[in-house]
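Report on the structure
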4 protein chains.
Amino acid sequence: MPEPGNPSHSRRSTRSHQAILQAALALCRENGYASVTIEGIAARAGVGKQTIYRWWPSKAAVVFDAFADVAPGFQAPHTGDLTADFRTFLFKVVRFLNDPDFGPCIAALIGEAQRDPDVRSMFVERFAESRLPRRGSIMARLESAQESGELPTSLDLSVLLEIVFGALYHRLLLGSGPLDKRYARLVVDTVLSGVGNASE
Amino acid sequence: MPEPGNPSHSRRSTRSHQAILQAALALCRENGYASVTIEGIAARAGVGKQTIYRWWPSKAAVVFDAFADVAPGFQAPHTGDLTADFRTFLFKVVRFLNDPDFGPCIAALIGEAQRDPDVRSMFVERFAESRLPRRGSIMARLESAQESGELPTSLDLSVLLEIVFGALYHRLLLGSGPLDKRYARLVVDTVLSGVGNASE
Amino acid sequence: MPEPGNPSHSRRSTRSHQAILQAALALCRENGYASVTIEGIAARAGVGKQTIYRWWPSKAAVVFDAFADVAPGFQAPHTGDLTADFRTFLFKVVRFLNDPDFGPCIAALIGEAQRDPDVRSMFVERFAESRLPRRGSIMARLESAQESGELPTSLDLSVLLEIVFGALYHRLLLGSGPLDKRYARLVVDTVLSGVGNASE
Amino acid sequence: MPEPGNPSHSRRSTRSHQAILQAALALCRENGYASVTIEGIAARAGVGKQTIYRWWPSKAAVVFDAFADVAPGFQAPHTGDLTADFRTFLFKVVRFLNDPDFGPCIAALIGEAQRDPDVRSMFVERFAESRLPRRGSIMARLESAQESGELPTSLDLSVLLEIVFGALYHRLLLGSGPLDKRYARLVVDTVLSGVGNASE
DNA sequence: AGTTAAGCGAGACGGTACGTCTCGTCTTACC
DNA sequence: GGTAAGACGAGACGTACCGTCTCGCTTAACT
C-alpha cells in the first residue's frame, strides 16, 4: 500500500499518512481495536475520512500498517545449543505477546482476519511468513541446525514454526492458560524432543 | 442460558427458541458469520428482536448455541498404538474443521472472541475445554497412555492438546497452509516424537 | 404525512414529531434554509436521523411541514367593494411575505421545488391551491363577485390569482423591486381594471 | 466575469473558457441543472477544477454564462395594435420557456437564486432587467404605446412587465397549469383590459 | 372460567459508524 | 506562470444495526 518510491503515489501527503498511522495506533492502544473507527482515526489525525479510504481498503489495513511500523523483530541467538536458542527466541516472542501494546492488537487482527480475507492474507504475508524478517532469524537458526545435523533435512521448518506459534496463539486467542516462559519452554521441548517415550 | 427444567424459564416459547437457533445457523452458513445480525435472525425466525435479547447476551452467544446444538463430538479409538489412535482422532477433527458448515463458523467465533471476552470464555469453557465431551475422548486415551507408560505421568495433557489444536487453528485461522491429513500426521508425530535427533 | 387519526401512524412519537418540526423551523430561521441539514435537525431535536427519514421523504418536506404548522391563513373582507377587499387581502399577504420568518422560507421552498418535483407538487397542492384555506377566503370573495356581477362569470379565478401571486413572487424571488403596499395596490388595480385606455 | 479585452485576463485560455461553457451547457441539458457539478464540468471540459474556480464564483455563474451565450432575445412587432403585439411577443416567450433546453434551466437558475444572492442579482441584472436587450424590445413597444396614448404615461412599465412575467414564472416554477398560448393571451388581456366590469 | 401477568411479534426510538459524495482549497509537475 | 490533475480537510448524505422501549395480542397458570 504505502510503497515509498512508487511514482503513482508521489502526490501522497506524508504528513497525513503519518498522522493517520499514529492516530490508529494510539486509539488501538487506548480503547482496544474493537472501538477503533475510521471516523475516530480521521478525527484524531485531523484528516478527512476520504483520505483514509483513498489509501487503505479497511480499518484493519490501517491498524496493521500502523502496527507493522512499530512491531519489533527478534534475533535468535546461535550458541550451538538449538534447544536453548529456540527457548531464548520464544521467550522474547512471549514477552512481546504479553505486552499490552502489542498482544491484544495482534489477537484483534487475527480476529479481524476471520471477517475479512484481505486481512488474513495481509497477516500471513506480512507478519507470519517464515521468509519475512519477523520469523527470518529463527528460520536461519533452524536451517543452520539442519546443516549441522541437529535437525533432519527432511523437516519442513515452516510447519515446525506453525506448531510452535500455533501453541502460543492458542493461549493468546483463547486465554486457555498463562502465556509465560514456562509454557514457552514446554512448547519448545515438546516440539524438539517429543513427549512420547515408548517409541523412542 | 437455555436451561431446560429451570422453572423461571417455563414460559419460554420452544417454537421461537428453535426458530432462532435455526435461523442463526442458516444465516451463518449462507453468508458467513460476519453478515449475521440480530435483526436478520429475528426477521428470518419470524421473531421480535426483544425475544432474542431476552435470552441471549450477544449475537455470538446465539450462534454458539445454534452451533453447539449440531457440532458432533469425536471418539478416539484405543487400539493400543497411541500414535495411530491420536492420528485417527485428529483426522476426524481435520475433516470437521474443513467442513464448510463448521470450519468457517468456528474460525469466526474465535475471531469474535477477540472482541468480546464473554465469547472467549464461552468458547473455552464450552468447546475447547479438555474436560468437556468434545476433547474428553482423546483426553481419556491420553490418560490411559500415561497409565500404561506410553506417556510420562508428569506431562500436562492439557498443554499437549493446546499444542496440537493450536497447530490446527494456526492453519484454520490464518490459512498458512492446507489443513489436511498430512499436516495432522506431522503434528501428531512431532508432538509425540519430537523433531530433534542430536540432543536425544 | 402526519395525518392524525391514521391508525398506521399510531406508533409515531408525538414528542419526536414536534421536536423535529420545531428544530427545522428554528434552524431555517436562524441561518436560512440552505444551511438546514437533516443531521442538524436531528441533532437539534435530540432525535435519530432515521426517525426523520422514516416519516419524511426529504429535507424540504420537513421544513414545509414545520412551516405549514405555523403559517397563518388570511381572511378576505367583504365590504361590497371588490377592489378595496382585494387590496386589503393582498396587503396582508405582502406583510406576510416580508416577515423575515416567512418570506425567505417560502422563497427557499419555491427554489427547492426546482430541484425536487415532489416539493413542487407539495407546494402547489398544499400551499398555492385556490381550493385550500390559504387562498380559499379570497376565492370565496371572488366567487361572490361573480355572483353579484362585479366579475364576469366566464373568468377563470385561478388564473386571476396566478397573475396576482405571480407578480408578488416575481419580487419575492428576484428582488426586482420592493414588495410593499404600493406594489400590491398596483397589481390589484392592474388586474381588475387593466392598464390600457384606448381599447376600453 | 469573462470580460473580453480586460487586460488582467489576458493570460486566460480561450480554449478552456469555451470548453467550460459548452460542458456546463451540455451537462445542464442532459441531466438537469441539479446534477451539474463543478467537478463534472471540469472533467467534461478536460480542464482543472481550479481553472473554473479562478474565473467564476459559483456553479450558477458558469451555467448562467453558458446559458446567456445561447439564449435568444425576442423582437416585439409594432403593428399599431398593442394588444396583438404584446400577445405575439408573449407567445415567443412562452415557446422559449417551454423549450426543454431553456425552460428548466431558467427555472433552476431562479431556484438557485434563492440560495445564492449573487445569482439573484446576476439573474435580475443580466436577464430580467427591462433595460436589457432581452426585455428591451417589448419595452420599446410599450414606450411607444405611451407616446401614442395607448397606455397612460403615468404607468410604470417595469411593474407591468413584472406582472406579466410573474404570471408566466408562476406556471414555470410551480407547474400550476399549462404554460401555453391560451394562458399568455389571458395574461396579456387581463393586464391591458382588466377583468372587472362593474367599477369601470 | 376468568383473571392476570409473562412472553411474544412488531417496530419506533436515540444513537453510532459506515462508505460515498461533493465542496472549495491546496499542491505538484508539466509546458 | 497558467494549467491539468488530483490529493486534501470538511462535512452531509442516506443506510445498516445496535440495544432499548413501548405497544397490543396471545397464552399459560393460578385463582
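What counts and what doesn't
- Residues numbered from 1 in each chain as written.
- Chains lettered and ligands numbered in written order.
- Predicted model: local features only at pLDDT ≥ 70, side-chain atom pairs only at ≥ 80, totals over all residues.
- Heavy atoms only, no water.
- Helix = DSSP H or I, 4+ residues; strand = E, 2+ residues; numbered from the N terminus.
- Contact = heavy atoms within 4.5 Å.
- Areas by Shrake-Rupley, 256 points an atom, 1.4 Å probe, with all protein chains shown as cover.
- Near = heavy atom within 4 Å.
- Polar contact = N/O pair within 3.5 Å; in protein donor to acceptor, adjacent residues only side chain to side chain.
- Axes fitted to C-alpha atoms, helices over the stretch in contact; angles between N-to-C directions.
- Parallel < 35°, antiparallel > 145°, perpendicular 65-115°, else oblique.
- Left-handed = near helix turned anticlockwise from the far one by under 90°.
- Expected span 1.5 Å × (residues − 1).
- Buried < 20%, exposed > 50% of the residue type's maximum accessible area, 1.4 Å probe, protein only.
- Buried area = accessible area lost by both parts, 1.4 Å probe.
- Salt bridge = Lys/Arg side-chain N within 4 Å of Asp/Glu carboxyl O.
- Nonpolar A, V, L, I, M, F, W, Y, C, P; charged D, E, K, R; others polar.
- Least-squares fit on C-alpha atoms with pLDDT ≥ 70 in both.

When helices and strands are tallied, chain A shows 10 helices and zero strands. Tracing chain A from N to C terminus, the helices and strands come up as α-α-α-α-α-α-α-α-α-α. Taking the principal axes of its C-alpha atoms as reference, chain A extends roughly 65 × 40 × 30 Å. Of all intrachain contacts in chain A linking residues separated by at least 6 positions in sequence, the fraction that spans at least 24 positions is 62%. Approximately 8,800 Å² of chain A is accessible, and the part contributed by carbon and sulfur atoms is 50%.

Of all residues adjacent to DNA strand F, which total 36 residues, the nearest are Trp55 of chain A, Lys49 and Gln50 of chain B together with Lys49 and Tyr53 of chain C. Backbone sugar and phosphate groups make up 66% of those atoms of DNA strand F lying within 4 Å of the protein. One of the side-chain N or O atoms of Arg11 of chain A is found 3.1 Å from a base nitrogen in DNA strand F. Within the backbone of Ile38 of chain C, a nitrogen or oxygen atom sits 3.1 Å from a phosphate oxygen of DNA strand F.

Looking now at the packing of helix H5 (residues 82-98) of chain D against helix H10 (residues 181-193) of chain D. Residues and elements named next belong to chain D. Closest axis-to-axis distance for the H5/H10 pair is 9 Å, and the angle between their directions is 140°. In this view, H5 runs oblique relative to H10, as classed from their interaxial angle. In terms of crossing hand, the pair formed by H5 and H10 is right-handed. Along the contact surface, H5 presents Leu82, Thr83, Phe86, Arg87, Leu90, Phe91 and Val94, while H10 presents Lys181, Ala184, Arg185, Val187, Val188, Asp189 and Leu192.

A few words now on helix H4 (residues 59-70) of chain D. Residues separated by three or four positions in an α-helix point in the same direction, a consequence of the helix having 3.6 residues per turn. The terminal C-alpha atoms of H4 of chain D lie 17 Å apart, and with 12 residues this matches the ideal 16 Å at 1.5 Å per residue to within 8%. Of all the 12 residues making up H4 of chain D, nine are buried; the element is thus mostly covered by neighbouring parts of the structure.

A few words on the interface of chain C and chain D. Taken together, the contact pairs 47 residues of chain C with 45 residues of chain D. Of the roughly 3,900 Å² buried between chain C and chain D on both sides combined, carbon and sulfur atoms contribute 59%. Between the two partners, chain C and chain D, sit four salt bridges. Taking the shortest distance from any N to any O, the salt bridge between Glu112 of chain C and Arg115 of chain D comes out at 3.3 Å. Across the chain C-chain D interface, the total number found is 13 residue pairs in polar contact (both at pLDDT 80 or more). In terms of residues, the side of chain C that touches chain D owes the most to one element, helix H9 (residues 157-174) of chain C, which gives 13 residues. Across the side of chain C that touches chain D, the residue classes tally to 25 nonpolar, 14 polar and eight charged.

Moving on, we get to the pattern of salt bridges. All names here are of chain A. If you walk through the whole model with that rule in mind, you get 36 salt bridges over all chains. Residue Arg44 pairs with Glu30 through a salt bridge whose shortest N-O separation is 2.7 Å. Here Arg44 is found in helix H2 (residues 38-45), whereas its partner Glu30 is found in helix H1 (residues 14-31), with 14 residues between them in sequence. Bridged by salt links that share partners, the residues Asp85, Arg141 and Glu150 form one connected network.

All right, on to the environment of Val94 of chain D then. All names here are of chain D. Examined against the element boundaries, Val94 turns out to sit in helix H5. The class of Val94 is buried, set by a relative accessible area of 4%. Contacts of Val94, omitting those with residues within four sequence positions, involve Leu168, Leu179, Asp180, Lys181 and Ala184.

Okay, the relation of the copies chain A and chain B next. Mapping chain A onto chain B leaves a residual RMSD of 0.2 Å; the transformation is a rotation of 179° accompanied by 0.0 Å of translation along its axis. Taken together, the rotation and translation relating the two chain copies correspond to the operation of a two-fold axis. Both copies contact each other with a shared surface, as 98% of the interface residues of chain A are interface residues in chain B too.

Bringing the side chain of Ser58 of chain C into the picture now. All names here are of chain C. Topologically, Ser58 is positioned in the loop between helix H3 (49-55) and helix H4 (59-70). Accessibility expressed as a relative area gives 18% for Ser58, which makes it buried. Ser58 has contacts with Asp116 and Val119, leaving out every residue within four places of it along the chain.

The next subject is the relation of the copies chain C and chain D. What relates the two chain copies is a rotation about an axis together with a slide along it. When chain C is fitted to chain D, the residual RMSD is 0.2 Å, and the transformation amounts to a turn of 180° plus an axial shift of 0.0 Å. Comparing interface residues between copies, 96% of those in chain C also lie at the interface in chain D; the contact surface is shared.

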